[in-house]
Amino acid sequence: MQEKSLDETVAELQKLFSNSPDLVVRKLKVGTKKAAVAFFASATDIGQLSLGVISPLIDYKLEAEPTIELLANEIVKSANASKIGNKDEYIQNLLSGQPVLFLDGSSQVLQFRIDQFAGRMPAEPPTSTVINGPREGFVETLEINISLIRKRLRTPDLAIKSFKVGKYTATRVCLCYINSIADKKIVKKLEQKIQEIDIDGVLDSFYIESFLENHTHTMFKQFGYAEKPDIVVGKMLEGRIAILVDGSPIALTVPFVLMEDFQNSNDYYQKSARGTFLRWLRLFSTIVAVLLPGTYIAVVLYHYKILPVKFLITIVNTTQGIPFSPFLEMLFIIMLFEILYEASLRMPRYLGMALAIVGALILGDTAVRAGLVTPPAIMIAALTGVMLYTMPDQQHLLSLLRIMFAVIGGLLGLYGIVIGAIFLIAYMANMDSYGAPYLGPFSPRIKSDLKDALTNSPLTDKKTRPRVIPNSNHRRQKQ
Amino acid sequence: MKQLNCRQTAIISVFLLIGMKLLVFPSLISEIALHDAVYTMLFTVAVEFAILLPVLFVLIKNPDRTFFEAVAGKLGKITAHIISLILVLFFLSKLVYILIETYAFLMNSMFYQLVLPIFILPIAFVSVYLAAKGGRTAGRTCEIFFGLVLAGLIITVISALPSVNLTNILPGFEFGITPSLSGVWQTMLWSGNSLLLLFFMGKIKIEKGFLRKAVIFNGLGGLFLVVFVLIFSAVFDTTAGFFKFAIVNLTQVTPYISDIVRLEWLALITWTFGLVLTAGIILTALNSVLVSAYKISKPIIPAAVLFVAAAAAAYVIDFNYAGITNLFLESKFAAIGVYAFSLLLIGILLVSKKGGRKSEINI
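Below: a short report on this structure. Predicted, not measured: the structure shown is a model, and the values here were computed from it.

1. Quick look at the pairing of strand β2 (residues 33-40) of chain A
Residue and element names in this part refer to chain A.
- The buried count for β2 comes to 7 of 8 residues, which makes it a mostly enclosed element.
- Where strand β1 (residues 23-30) lies against β2, 8 bridges are found, and the strand directions are antiparallel. Its bridge partner being in β2, Lys29 is matched across the sheet by Lys34.
- Hairpin connection from β1 to β2: 2 residues lie between these consecutive antiparallel strands, with Gly31 at a positive phi of about 60°.
- Pairing of β2 with strand β4 (residues 100-103) involves 4 bridges; the strand directions are antiparallel. Looking at the pairing, Ala36 lines up with Phe102 of β4.

Right, here's the structure in full:
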């Protein structure tokens, strides 16, 4: 760094941040030399700065001429002080809330990691509530999230690689993995892809996900989402790599297979039989949620002879006098459901109950009474709407698929449903996520992985890590 | 790049084994062999195995070379091109058959009326997609649906059991063995689909137990076919020949049509999966050899061309299952010729010292 007088450096800094009124430059005299501490009042722990840095500097009474080394090693009391000679680097750190200490005549500066941004404390995430098991959840602060992981992984094998992404946001992105388990090729590929990201800003982990996906134009997710450290650590122990983004409480995990979304952290904190039952229930609910509206339309429109006589009579009785075809009727109800869902997300929380009453009770009931829709169609749309939430991370995708199959069923009948189902599976079979086949361990079938797929075998039976996830250490416990 | 594992290959071979034999075929052999149709099916399965085993051996012997490369290595590129084209054209006829049979199946089970474009476009879409994506996607898709199709078929058979009268198929060989053998001979073109596995040569990950797995899967598939025809014959007796759509007809005799579920419909729906997947597998195999032989960078193009050709041929026959059945019956000599030639080719690939690298796996 080119040597400049302290006044010049400070003036330059103030000019650079002339639009930032929260920049504070505190000028000091340290022994015989002039010094200055610059920091952003909005991003720095001022208490720590005063006690650990400024007070010791003011109190400095020794005769010896102060140097950066002397200040770093003997004077300041901050636990985390580092010497930096690169202007860009200390400016970047300053923006991240780290105060910078300039000493007149020194080409280096001293910087302290005492940043403090507003944030919340770990709490149970509303999207991942559990009955048993840990309740801590990630927050928007990267350090806290890393500490939550480190709390559970006390091993030097825990590797954390940090990157800065975003021209304006300089968001910290961390790759976390267990060195002796994770596949090095995947780590390298992720590192390379993260370094290649050229974007103005990263506001959430989803931004990063978009750049790391293998298939960009697909509606299928290719990363696991986790808002709880126990889930992330569980996945890291299986060989996955976690991606944490500063400012986002959602950690991404990769490689991802579809089966992961049928699993739930609760499954591992209760008896295996219950976990197995719940996974089958989720699979059943997912299939029914996606296919039932389309199948209902197909049956009523084209294949009514499929229905048992008593059921057929019920359907015929309820559909008499309805102005819409079953196809339009079902689409109308599903779209109504989607609108209610979207509105309920955006509405103030205190209006939620009112919306539920207006939407579900008044609208539905009135529509039936007015003869616009039939009770079976409402029942099917409502039932499948609820079933979508048995796989909450895929709810948006399933919702779209439900509409697509409803359209296909209306146009092509059960033949269309069959074709649609084959295409859907073929499409997913063609996908992979960093070497993991999307439909694994069912296709390709990996026998050893089936112990933790739709069945949840007791922990003592899971001797190996999933083969479907590339990893470099297969053994999990003594065989 | 390896696209298929042992299990997927075995499942594909089962689809190829049973795909053309559950709708019109049982009635056809019943017409020829009367109540000895079950023996015809038994001999047909034996013929299938006689073709399948050499195919499996040649796949094991050439784990890293495609069909075209293997043939070109022995007989030269021009010959390999000609052989590939002839085989593709021959097996395209099977795709035509599957298309017509699927249409007949849908018309007789699900729809009173099914407009041709409504039928052809969706199956074209999914078949061409599978073929364009290659063996890996087709294999994985078949692996997922295999259990479902199997369950549907087993339900069909079980639900028909109460209507079975075993005296209908007795005594066996009442008119000697000739009708049974005649059934096999006349219906030659319905067999030999396992030769399509040759087109996946070099793309199969040959692992330990490949042969065992393929034989077990096909053995069980063959056993199912025999049981299916046995039940079909035992239910319909000498009238079996008049019931042209075996799997549909069998579901109609079930006494289990209850007030709550219609299991037989589930069976029909699952067999629709079976037929569409069989069409997809055949197209994928044909496309695979064309892509490899002509180094085509966009596999969707030959896949689409092949499908259009098959659909056009089916259209010429007016999607008439009786028409294509007669055509197939009359073309048995062509079938024998192609099978004999294919087996000779397999022999060349098997015995030649210059063959592909020896498999490192102990089968």
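After that view, the rundown keeps rolling.
2. Some thoughts on the sheet that holds strand β5 (residues 109-112) of chain A
Residue and element names in this part refer to chain A.
- Strand order in the open sheet formed by 5 strands is β1-β2-β4-β5-β3, and the pairing between neighbours is antiparallel. Edge positions in the open sheet fall to β1 and β3 (81-84), since each of these has one partner strand only. Here the average twist between neighbouring strands, direction ignored, is 25°.
- The sheet contact formed by β3 and β5 spans 4 bridges and is antiparallel. Bridged to Ile84 within β5 is Val109.

3. Remarks on the pattern of salt bridges
Residue and element names in this part refer to chain A.
- For the structure shown, the criterion picks out 31 salt bridges over all chains.
- Salt-bridge contacts for Glu65 lead to Lys33; the nearest nitrogen and oxygen are separated by 3.8 Å. In this pair, Glu65 is assigned in the loop between α2 (46-58) and α3 (68-75) and Lys33 in strand β2, connecting sequence segments 32 residues apart.
- Using a relative accessible area of 53% as the deciding quantity, one classes Glu65 as exposed.
- The buried category is assigned to Lys33, whose relative accessible area is 19%.
- Across the pair Lys228 and Asp230 runs a salt bridge, and its minimum N-O distance is 3.8 Å.
- We classify Lys228 as buried; its relative accessible area is 0%.
- Among the residues examined, Asp230 registers a relative accessible area of 10% and is labelled buried.

Cut-offs applied
Residues numbered from 1 in each chain as written. Chains lettered and ligands numbered in written order. Predicted model: local features only at pLDDT ≥ 70, side-chain atom pairs only at ≥ 80, totals over all residues. Heavy atoms only, no water. Buried < 20%, exposed > 50% of the residue type's maximum accessible area, 1.4 Å probe, protein only. Helix = DSSP H or I, 4+ residues; strand = E, 2+ residues; numbered from the N terminus. Pairing = 2+ DSSP bridges. Axes fitted to C-alpha atoms, helices over the stretch in contact; angles between N-to-C directions. Salt bridge = Lys/Arg side-chain N within 4 Å of Asp/Glu carboxyl O.

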